[in-house]
Structures are given as structure tokens and as C-alpha cells.
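Here is what each chain is made of, one letter per residue.
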Amino acid sequence: MDDTTRTTLTGRIALGLTGLLAGVAMWLLVEVLPQAMADQPRNYLFLTALAAAFFPAALALTGPLPLPRAPAAAFLLAAPLAALLSWASLRFDTVAGFLDTGHPQAAFELLAFLPLPFLIAGLGPRGRWGDYKTLFIQSWMIVVRFAAAWLFVGLVWGVLFLSNALLELVGIGVIEWLIERQEAPYLLSGLTLGVALAVVGELSDYVSPYLVLRLLRLLMPVVLLVVAVFLAALPFQGLSNLFGDFSATAILSAMAIGAATLISVTLDAEDSRRRPGGALCWACRAMALLLPALAALAGLALWQRVAQYGLSPDRIAAAAVVAVLLGYGLAYAASVLGGRGWAGRIRRANVAMAVVAMGVAAAFLTPLLNPQAIAAADQVARYRDGTTSAGALDLWSLAREWGRPGQAATAQLAAMRDHPEAETMARRLAALDQAPNRYAFERESGPDDAAALKVDLATRLPVRPEGATLPPGLLDSLRLWELQQISRACANRTAAGNPGCVAVLADLSGTRAGDEVLIVAHNTAGAPLVRAYFRNQNGAGFAMRSPDYLQGGDFYREADTAIDALIAGAYTLRPMPLNALDVAGRQLFFGR
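Residues numbered from 1 in each chain as written. Predicted model: local features only at pLDDT ≥ 70, side-chain atom pairs only at ≥ 80, totals over all residues. Heavy atoms only, no water.

1. Here we look at the overall build of the protein
(1) Moving on: In terms of helices and strands, the protein carries 24 helices and 7 strands.
(2) Moving on: Along the first, second and third principal axes, the C-alpha atoms of the protein reach 100 × 70 × 65 Å.
(3) Moving on: The contacts in the protein between residues at least 6 apart in sequence include a share of 71% that link residues at least 24 apart.
(4) Moving on: Of the roughly 30,000 Å² of accessible surface on the protein, a fraction of 64% belongs to carbon and sulfur atoms.
(5) Moving on: Across the protein, the mean location of the 45 positive side-chain charges is 8 Å away from that of the 44 negative side-chain charges. (Helix = DSSP H or I, 4+ residues; strand = E, 2+ residues; numbered from the N terminus. Contact = heavy atoms within 4.5 Å. Areas by Shrake-Rupley, 256 points an atom, 1.4 Å probe, with all protein chains shown as cover. Lys, Arg positive; Asp, Glu negative; His and termini not counted. Charge placed at Lys NZ, Arg CZ, Asp CG, Glu CD.)

So, in C-alpha cells, the structure goes:
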């Protein structure tokens, strides 16, 4: 056996065994240990995190790094990361509550993947942690290797199921017996994945990321055109669909991430691998100059939301993402404006910003950046200074979803007995202690004095057209929970500073005399209320109806925008043709 064959066989055995051990670990963690360690949730979290970080890292590093060094580096990465995750879980009474937030998983995944190319660069033959060529190639090589290996795993299972179906035709069920064993899917998938990674690594001259990179580069002009059109249209279309909408921040951030990725892909690992002065090069420059605008707009949209409702853990996580993207954008734009050598400066910025991103992700798992504590302190401060009323404060999230910091903040709120709204706060906190879920809390935490609510809404609920008043009997027709929901919404403010509620008098039914009343109300703690109230045929009171037909965007998601438009009078009545179906002497009518 020559040296090449021996090396190949050793690599396949090593990665096959690593994959097999990964399968054993997954089987134990999924099927065996949950019951055995039910009373040790944090120890179970540590073991799960250790395995989830160690085995993918070991499989990715073996090949680019020699065998003894790869698993050692994987363990040195996985052990502190698992410890950080377990430490951060102490913010919550339960591990389940901690994981339900979603932030720990995102930070964990970033810290499990981003360091891998640095480990290969620093512990490899060249020994240079910041070697951009190695970082770039190995980052994409890891993606391609795992994609190809998982594709092979899928093919193996496909062949296995087909083989089982064939043998069952002659009464042989050995394959079915094998795959029905509880541990078999884990062990076979792990073994197959490890061997496949070894084979892909052997064929690195043929299985390279450059096909994927070339395909991605084709997207650069398209994405640049879309971003340019978006930014050019903003001054004419206005920012009403941008500010105050959390989804706008997510969309802009996702586009900024995609733009930064395409810039890096287009520049490649070094100048010798790209054509300077070509169309893609100029598109790359233009995109680098536009990237700060995308990141800044994402930040402005988020800031407007924070100004309205204060901080929350999700908004803090979004702010961290936006801050990193703004760092990328400013670094890219400055690199291009610096003239000659701009591509090299962007590559260096990529290395620096990757380190910054890892630092931010790690901070989320330490007291340095505890989103629940920061958000809880902000909500208490807003209540203390009167920015947020007792009725508008999202107590359910604070006490039940923000862990121990939220519980401590709730205790602070209860202790503010000299606050002007202390009585309202005490009533809502009492309801919180008894409520089994958010819906029950919202129903029970509002004022239970219907008469007082009606008097309050008669003065606080904006009515349009300007100068119109609520028809007699409308508020008397509303149920207690409707009065409570509208009252809470009126305590909030939209992006334009309007109350989060409005009533519009309009002739919505040509068959009834007088106007009907549309009420739109929205607060952050619940779904928007969009209801029309039609006067009963006998003239006594009003009956509630939900909209039968909604056209255009998601009205419920953009309820605040609709409220602002209704208060501003920016609406019209449009007649709609309604048809009934005559059949067998009867009529079927679906519209109102």
C-alpha cells in the first residue's frame, strides 16, 4: 500500500468514525438522555451544545487540518461555547424559556461556524490567522463540502428505501428491520456523512466552490438594480411603509446581508482571480457605496419602532445586527472612496468585521449584552417617566417571556405605589398572577368597569370624518373585552404620533339607513382589531362584523399605517358589485 492510498484510507476511516460517533451522540441526546436527565436540564443543555459544536467542527476541520490537531481544535472551540450557552441560560428559570427566545441559538450558530476558517488559517501550514485567501476559500469550501455530503446522505437513504421495497417483493425484510431500529438512522447518517466528507475532501481539485461563486456573481447586477430603484423611489413614495414597521427592518437587513455577501463573492480571494475594470467590478463598487444606505434605513426603521414602544429583546438583537451591517457598509464605502487598492481594503474589512460579529455574538451569551435585562430596564423607565402607560405596558412578555430580569422588573413596577397609575398597575399585575395564558390575561387585566370605559372612549377615541361623533348606542353595544382592547390601543401611539385607535363613520351598506362605524385599534400586546358595526334592523344597538374581503397588502400587519391614514382622512369609499347565484328557486349570496 503506497502512501497516497494509506493517507486516503486513514482519512476515510477517521471521518467515518467521527461521523459515526456524531450519530451515537445524536441518538443519545435525542432518544435516551431527555428522560434520563429530565431533572438536570442545564447539564443536558451543556452536553447538547458540546456535541452540536464539536462534531460539525471536527468534521469540517479534519482534512484541512491534520488529524490530531482537528479534533483538538474542535474541542477547544466547542467546550467554551457550550459553557457560555449554559451560563446564559441562568437568565431564565427554565432552559425551555431561555431557548424559546431564539437569540441563543442564533449566537451559538454564528460562534460555531465563523471561527472555523480562522482555525484552519491559524493552525494550518501557513499559520496566518488573518490570511484572507485561506479564510475565503475555506469558508466556501466548508459550505460546498457539507452540501455535497448531505446530498450523498440523502441518496443513500433513497437507495436504501428502494432496495427495501425490492427485497420485500420476495419476502425479505432485513433492511426494514434494520432501519426501524431506533439508533439506525442516526448511526447510518453519521457514518455516511463522515465518509462522504472524506471523499469530497479528496476531490477538492474537482469539487470546489467556484461554480457556486460564479453563479452568485450573476446576481450582482440584478440586486444592484433592485437596491438602486428602491433608494431612488424612496423620496417619491415616502417613508410611511418603512418607519415603524419591524418587518421593514428585517427586509432591509436581509438585503444588506445579501449585498455584502455578493460584494465579497465578486471580489474573490485575491485580485488575480477577478477582472479589474469589468462590469461586475463597477457593479461591486456601486453596491459598496449603497450598502450604508440600506443599513442606515434599517436602523432608522428600528429606531422609530423603539421610540414608539421601547426596547424589547428582539429589537435589541435586531439593533446588534443593524450595527454590524452598518460597520460593514461604512467600511466598504470608505474602501471604495479611498481609490486605488479598494478591493484589498474591503477584504481586510471583512476579516475585521467577522471578528466584530463573533464578539457581538459572544457578548449575547454574557452579562455584557443581556437583551432581557436591557429591555426590562427600559420598559420600567418608560413607565416611571410616563412615556408608557400602565395599560399599554406589555406585562405578559415582561413577566413570562423575559426571564429573571423581566420578573425583577415586574417586582419594581409593583413597588412603585406612588406612581399616578399605581392602581391600574396593581390590577393588571393581579390578573397576571392568575392568568394561564396571554389571551386570558388581556381579557382580565383591563378595567372591568364598562361604564367608565365607555366614558373614557367617548373622549379618547378619534372619530372621522372631522367633526363627526359616535352614534348613540354604539359604545353600549360593545362587549367588555372590546372596550378593553380599544382602550388599551388608544393608550399607544403610531409612528405618526396618533392614538392607536380610530372610528370612521361611512356608508358601508347601501341597504341600511345611516352610516356604519369602522373601528381599527392596535396595540403591541395583541392582534389588531378591525371591525365594522352595523345598526340592527330594529334600530336598537349595533352588530359587529369582520371584513369579508381584503385586497392589497396585509392590512392587519400594517394596522398602524392604516390608522394614521384614516385619522388624516386619506380614504375613499368605493362601490363594489355583489352578485347572488339563483339555483333551484333559491339564492346564494356571499357578499354584504
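Right, picking up where we left off after that structure.
2. A word on the pattern of salt bridges
(1) Moving on: For the structure shown, the criterion picks out 13 salt bridges.
(2) Moving on: One salt bridge in this structure joins Glu202 and Arg12, with 2.8 Å as the shortest N-O distance. Of this pair, Glu202 sits in helix H9 (residues 184-202) while Arg12 is found in helix H1 (residues 3-36), placing the two residues 190 residues apart along the sequence.
(3) Moving on: It is possible to trace a salt-bridge network through shared partners that takes in Asp394, Glu401 and Arg438. (Salt bridge = Lys/Arg side-chain N within 4 Å of Asp/Glu carboxyl O.)

3. Let's talk about the layout of surface pockets
(1) Moving on: Estimates place the volume of the second largest pocket at around 1,200 Å³.
(2) Moving on: Along the walls of the second largest pocket sit 35 residues, with Leu110, Leu114, Ile257, Tyr328 and Ala357 positioned nearest its centre.
(3) Moving on: Elements that contribute at least two residues to the lining of the second largest pocket include exactly helix H5 (103-113), helix H6 (115-123), helix H7 (132-168), helix H12 (246-267), helix H14 (313-337) and helix H15 (342-363).
(4) Moving on: A per-element tally of the lining of the second largest pocket places H14 first, with 8 residues.
(5) Moving on: In terms of residue class, the lining of the second largest pocket is built from 28 nonpolar, 5 polar and 2 charged. (1 Å grid on protein atoms, 1.4 Å probe; cavity = no way out; pocket = protein on both sides within 12 Å on 5 of 7 lines; lining within 4 Å. Points joined across faces, edges and corners; volume = space filled by probe spheres on them. Nonpolar A, V, L, I, M, F, W, Y, C, P; charged D, E, K, R; others polar.)

4. Comments concerning helix H2 (residues 41-61)
(1) Moving on: For H2, with 21 residues, the first-to-last C-alpha span of 30 Å sits near the 30 Å given by 1.5 Å per residue.
(2) Moving on: Of the residues making up H2, those classed as buried are Leu45, Ala49, Leu50, Ala51, Ala53, Phe54, Phe55, Ala57, Ala58, Leu59, Ala60 and Leu61.
(3) Moving on: One or two steps after H2, the chain reaches Gly63, where phi turns positive at roughly 120°. (Expected span 1.5 Å × (residues − 1). Buried < 20%, exposed > 50% of the residue type's maximum accessible area, 1.4 Å probe, protein only.)

5. Points about the sheet that holds strand E5 (residues 542-545)
(1) Moving on: Here we have 5 strands laid out as an open sheet, ordered E1-E2-E3-E4-E5, and mixed in their pairing. The sheet is open, and its two borders are formed by strand E1 (463-464) and E5, each paired with just one other strand.
(2) Moving on: As judged from the 2 bridges shared by E1 and strand E2 (residues 501-506), these two strands associate in the parallel manner. Paired with Val463 across the strands is Ala503, a residue of E2.
(3) Moving on: With respect to the sheet, helix H23 (residues 480-490) is in contact with E2, strand E3 (516-521), strand E4 (529-535) and E5, its orientation differing from that of E4 by roughly 130°. (Pairing = 2+ DSSP bridges. Axes fitted to C-alpha atoms, helices over the stretch in contact; angles between N-to-C directions.)

6. Focus: the environment of Phe542
(1) Moving on: Looking at where Phe542 falls in the secondary structure, it is placed in strand E5.
(2) Moving on: In this structure Phe542 comes out as buried when scored by relative accessible area, which is 7%.
(3) Moving on: Along the primary structure Phe542 and Ala532 are separated by 10 residues, whereas in three dimensions their C-alpha atoms are 9.4 Å apart.
(4) Moving on: Beyond its immediate stretch of four places on either side in the chain, Phe542 contacts Pro471, Pro472, Gly473, Leu474, Ser477, Tyr533, Phe534, Arg535 and Asn536.

7. With respect to the pairing of E3
(1) Moving on: When you tally the buried positions in E3, you get 5 out of 6 residues, the bulk of the element.
(2) Moving on: The sheet contact formed by E2 and E3 spans 6 bridges and is antiparallel. Paired with Ala506 across the bridge in E3 is Glu516.
(3) Moving on: Of the strand pairs in this sheet, E3 and E4 are connected by 5 bridges, and their pairing is antiparallel. Residue pairing across strands places Val520 opposite Val530, the latter belonging to E4.

8. With respect to the nonpolar core
(1) Moving on: Residues Leu61, Ile263 and Leu395 are the most contacted members of the largest nonpolar core, which totals 126 residues.
(2) Moving on: Tallying contributions element by element places H2 first for this core, with 12 residues.
(3) Moving on: The next biggest cluster of nonpolar side chains, apart from the first, holds 21 residues, and it includes Leu457, Leu478, Val517 and Phe542. (Core = buried A, V, L, I, M, F, W, Y, C linked by side-chain atoms within 4.5 Å.)

9. Brief notes about empty space enclosed by the protein
Take a probe with the size of a water molecule and roll it over the atoms, and the empty space left behind shows itself.
(1) Moving on: Throughout the structure, instances matching the rule amount to 2 cavities of 30 Å³ or more.
(2) Moving on: A volume near 50 Å³ is recorded for the largest cavity.
(3) Moving on: Lining the largest cavity, in full, are Arg91, Phe92, Phe98, Thr101, His103, Pro104, Ala107, Phe364, Leu365, Pro371 and Gln372.
(4) Moving on: Every element with two or more residues in the lining of the largest cavity is listed here: H5 and helix H16 (371-384).
(5) Moving on: Per-element accounting of the lining of the largest cavity gives the leading share, 3 residues, to H5.
(6) Moving on: Partitioning the lining of the largest cavity into residue classes produces 7 nonpolar, 3 polar and 1 charged.

10. Brief notes about helix H18 (residues 403-415)
(1) Moving on: With 13 residues, H18 should cover 18 Å at 1.5 Å per step; its first-to-last C-alpha distance of 19 Å lies within 8% of that length.
(2) Moving on: Within H18, the full set of buried residues consists of Gly403, Pro405, Gly406, Ala409, Thr410 and Leu413. The arc enclosing the buried residues of H18, seen along the axis, measures out at 145°, which places them on a common side.
(3) Moving on: Summarising the contacts, the buried residues of H18 are in contact with H16, helix H17 (395-400) and helix H19 (422-434). (Arc of directions from axis to C-beta.)

11. Overview of the state of the cysteines
Covalent bonding between the sulfur atoms of two cysteines defines a disulfide.
(1) Moving on: Taken as a whole and assessed by the stated rule, the structure comprises 1 disulfide.
(2) Moving on: For Cys490, the disulfide goes to Cys501, at an S-S distance of 1.9 Å. Of note, the bridge from Cys490 to Cys501 carries an S-S torsion of about 115° and is right-handed in sense. Of this pair, Cys490 sits in helix H23 while Cys501 sits in strand E2, and the two are 11 residues apart along the sequence. Accessibility assignment for this pair places Cys490 and Cys501 in one class, buried.
(3) Moving on: With no disulfide of its own, Cys281 lies closest to Cys284 among cysteine sulfurs, the gap being 6.7 Å. (Disulfide = S-S within 2.5 Å.)

12. As for the packing of aromatic side chains
(1) Moving on: One pass over the structure, following the stated rule, counts 5 aromatic pairs.
(2) Moving on: With centroids separated by 5.9 Å and ring planes inclined at 85°, the aromatic side chains of Tyr328 and Tyr332 adopt a geometry described as edge-to-face. Residue Tyr328 and its partner Tyr332 are located together in helix H14, separated by 4 residues, close to a single helical turn.
(3) Moving on: Given the relative accessible area of 16%, Tyr328 is considered buried.
(4) Moving on: Judged by relative accessible area, which is 0%, Tyr332 ranks as buried. (Phe/Tyr/Trp six-rings, centres within 6.5 Å; stacked < 30°, edge-to-face > 60°.)

13. Considering unusual backbone geometry
(1) Moving on: Cis peptide bonds are those with omega within 30 degrees of zero, and the linkage from Arg464 to Pro465 qualifies with 5°.
(2) Moving on: By the secondary structure assignment, Pro465 is in the loop between E1 and helix H22 (474-477).
(3) Moving on: A positive phi is found at Asp268, a non-glycine position, where the angle reads about 65°.
(4) Moving on: Relative to the helices and strands, Asp268 resides in the loop between H12 and helix H13 (279-309).

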